[in-house]
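# Architecture and fold: a report
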Amino acid sequence: MAKTIVSMLNVDKWYGENHIVKNMNLDISEGEFLTLLGPSGCGKTTMLRMVSGFEQPSAGTIKVENESVEKKEPYQRNVNTVFQNYALFPNMNVYDNVAYGLKIKKVPKAEIKKRVTEMLKLVQLEGFEKRRISQMSGGQKQRIALARALINHPKVLLLDEPLGALDLKLRKQMQIELKQLQKRLGITFVYVTHDQEEALTMSDRIAIINEGVMEQIDTPKNIYEHPKTRFVAEFIGESNIFDTVVKNILEDKVELAIAEGHIAVPRGEYTVGEKVTVSVRPEVMSFSRERISGFSVKGVVKDIIYVGNFVKMIVEMSNGQEIKITRFDSMELSDLGDVVYLNWPLEKGVVIRMEDSFEDTV
Amino acid sequence: MKKKNSEEKEKISIAKRISQIALCGPVTIWSVLFIYVPMALLLFMSFMTKGPLGIIKYEFTLENYKAIFDSVYFNVIKESVLVALITTVLSVLMGYPFAYFMAMKKKKISGILMILLMIPFWTNELVIVYSFVILLNNSGLVNTFLQVVGITKEPLSMLYNNFAVIAGMLYMLLPFAVLPMYSSIEKLDKGLLEASKDLGAGPVKTFFKITLPLTAPGIFAGVILVFIPTIGYYQITDMLGGGTQMMIGNLINNQFSISRNWPFGAALSMLLAVLILVMLFICQKIGGNLDDLAA
């Protein structure tokens, strides 16, 4: 286990009446790429700003390298930030922007020159030293902001939705570059985003934040395949959520009643009448024209949507709930208006018990 | 068909013309009649000769301009520039912190401060100047207070000298310095200040490396707005300087009203215009570049 570099202990943050961050406990390991993921207004940026020192927690402790940073001003902390809008200094050229931190620390000129040159090489901006910030494109500004922060060799680099302003193609390219850079430098990255795909692509671990509470923290694979809460299941990727009640406990499986019909999950510790939520990813959903034993989920094909790299079929159940099924090829789908029966491999249904007791489930 | 098109185009261009004339015409006529023509007349007059009893003799001469460098007059000019510069520098030094404070406050509070700043404009200039006389004279409020408290034994002579003149001008012109500075500080992206702190710069370094350079255009605008009126002011100099202080404005006034030497007055007016142009040029040279950087 790598050593912990940043930790939040029972951190709370209030803005007046608003409880933005609620009793947050989080350990960030040295060298990892951790993403704080959540919808806008969930408190993830506030968490980042408490680490950088621009906000003070209302309660609780934040430690960087095992030392409380409560009394440290932002300019005394060994962390650097890449801001959402880059916040590059318009009164300086590219070189002076990148050199800023070193100049403040009064590093000798020759060394500054050497390190800035190295940094600009690292972010592929050699030869742009004398350019004005206003002459640079969004992607280039992004790289300058990155270089300006990294040149200080921070213990932790905080990134606040740094790719938000870039177009899709550039974003994807920068995602890969950022990840490679992080691996190469071995610096801890704490990355804030509301884009789940971005989080899945880059992170070693993802912390899902909703309304100031951490819903789940785990590797992208585990988060995607084993969401612990309904929120996580719905926020990460697409999910079909079934709200069910335990109906029958059989030898090899458990039958769960839905509005009309029933579904099944593998055997486990259930009691009849217990409420259980099941999440099934669209890509593991199957359908057939006839009923299949164990499942009784009937619906009508309502829509077929071409998304590019896959095709999505929407099946409407009798209670109006829409179930999504995705395939790579439209040949594998049914026709509009067809009556279909849905099913999936038992183990692919992720069981989420009532949200207040989600800790019990795995 | 083609002909019709070109006719239509002509119609459009005529309509455009008319709107242009309607929009810019009045201002153009006004500035030509009341600024450019008088300036041209002044320029012409400044090369003419003074006749007896204030009559202008239409003979070309450079004497008026040579007279400017007469030590008596030249000292007045030097003094004027000095007083104007001191007033300008003081108004920036006093105005900038206030503008900064105002810009960092919530909209509601900064609005109230703005009104407080504007109050001097609601008062007649004469009233303001007389209140200064009442406050600053030897038995005035300020001197009485200082003596009662025991800071001074004798009344300080605060009236009828450069101190009074500068104080009066500062009072009148401080809002002109504050407003452009406020607007540039208010527009400053506060994220840049955070970025600077994030990179290890404390408040002082952040101010000198980021805030000051980026708000310099506002400072230069304030400098121009204060310097130009100060160098030409003569009412304040007259009343608070008590006739002991002479500035270019008073000198020009005297040439036209008392000495009846219009050609020399015209030459001095030209000099004043040149001084202002030089100041504008300097500010634009420095401030313009900075403005470009900040954009």
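This text goes with the structure placed above it.
Before going into details, it helps to say that this report is about the structure given with it. These numbers come from a predicted model, not from an experiment.

### Observations concerning the packing of helix 2 (residues 94-104) of chain A against helix 3 (residues 109-122) of chain A
Geometry of a packed helix pair, given as the angle between the helix axes and the separation of the axes. Residues and elements named next belong to chain A. As a packed pair, helix 2 and helix 3 sit with axes 10 Å apart at the nearest point and diverge in direction by 125°. With respect to their mutual orientation, helix 2 and helix 3 come out oblique. Taken as a pair, helix 2 and helix 3 cross one another with a handedness that is right-handed. Residue-level contacts link Val-94, Tyr-95, Val-98, Ala-99, Leu-102 and Lys-103 of helix 2 to Ile-112, Lys-113, Arg-115, Val-116, Met-119 and Leu-120 of helix 3. Classifying every residue of the contact of helix 2 with helix 3 by side-chain character gives nine nonpolar, no polar and three charged.

### Observations concerning the nonpolar core
Most often, soluble globular proteins have nonpolar side chains that are buried together. Counting 52 residues, the largest nonpolar core has Met-169, Met-181, Ile-231, Ile-236, Leu-240 and Leu-268 of chain B as the members making the most contacts within it. Every element with two or more residues in this core is listed here: helix 3 (71-104), helix 4 (107-122), helix 5 (125-136), helix 7 (162-187), helix 9 (203-232), helix 10 (235-241), helix 11 (248-257) and helix 12 (262-294) of chain B. In this structure Ile-236 of chain B touches Glu-125, Val-129, Val-165, Gly-168, Met-169, Met-172 and Gly-241 of chain B, once residues within four positions along its chain are discounted. One finds Leu-102, Leu-122, Met-136 and Phe-189 of chain A within the second-largest nonpolar core, a separate group that totals 38 residues.

### Considerations on the environment of Met-181 of chain B
The residue Met-181 of chain B is located in helix 7 in this model. With relative accessibility at 1%, the residue Met-181 of chain B sits in the buried group.

### Observations concerning the sheet that holds strand 14 (residues 275-280) of chain A
Residue and element names in this part refer to chain A. Strand order in the open sheet formed by five strands is 13-12-11-14-20, with antiparallel pairing between adjacent strands. Pairing within the sheet leaves two strands with one partner each, and these edge strands are strand 13 (262-266) and strand 20 (350-353). Taking each pair of neighbouring strands and ignoring which way they run, the sheet shows an average axis angle of 45°. Here strand 11 (residues 240-249) pairs with strand 14 via six bridges, running antiparallel.

### Re the pairing of strand 14 of chain A
Residues and elements named next belong to chain A. The buried count for strand 14 comes to five of six residues, which makes it a mostly enclosed element. Where strand 14 lies against strand 20, four bridges are found, and the strand directions are antiparallel. By the bridge assignment, Val-278 is partnered in strand 20 with Val-351.

The rules behind the values
- Residues numbered from 1 in each chain as written.
- Chains lettered and ligands numbered in written order.
- Predicted model: local features only at pLDDT ≥ 70, side-chain atom pairs only at ≥ 80, totals over all residues.
- Heavy atoms only, no water.
- Axes fitted to C-alpha atoms, helices over the stretch in contact; angles between N-to-C directions.
- Helix = DSSP H or I, 4+ residues; strand = E, 2+ residues; numbered from the N terminus.
- Parallel < 35°, antiparallel > 145°, perpendicular 65-115°, else oblique.
- Left-handed = near helix turned anticlockwise from the far one by under 90°.
- Contact = heavy atoms within 4.5 Å.
- Nonpolar A, V, L, I, M, F, W, Y, C, P; charged D, E, K, R; others polar.
- Core = buried A, V, L, I, M, F, W, Y, C linked by side-chain atoms within 4.5 Å.
- Buried < 20%, exposed > 50% of the residue type's maximum accessible area, 1.4 Å probe, protein only.
- Pairing = 2+ DSSP bridges.

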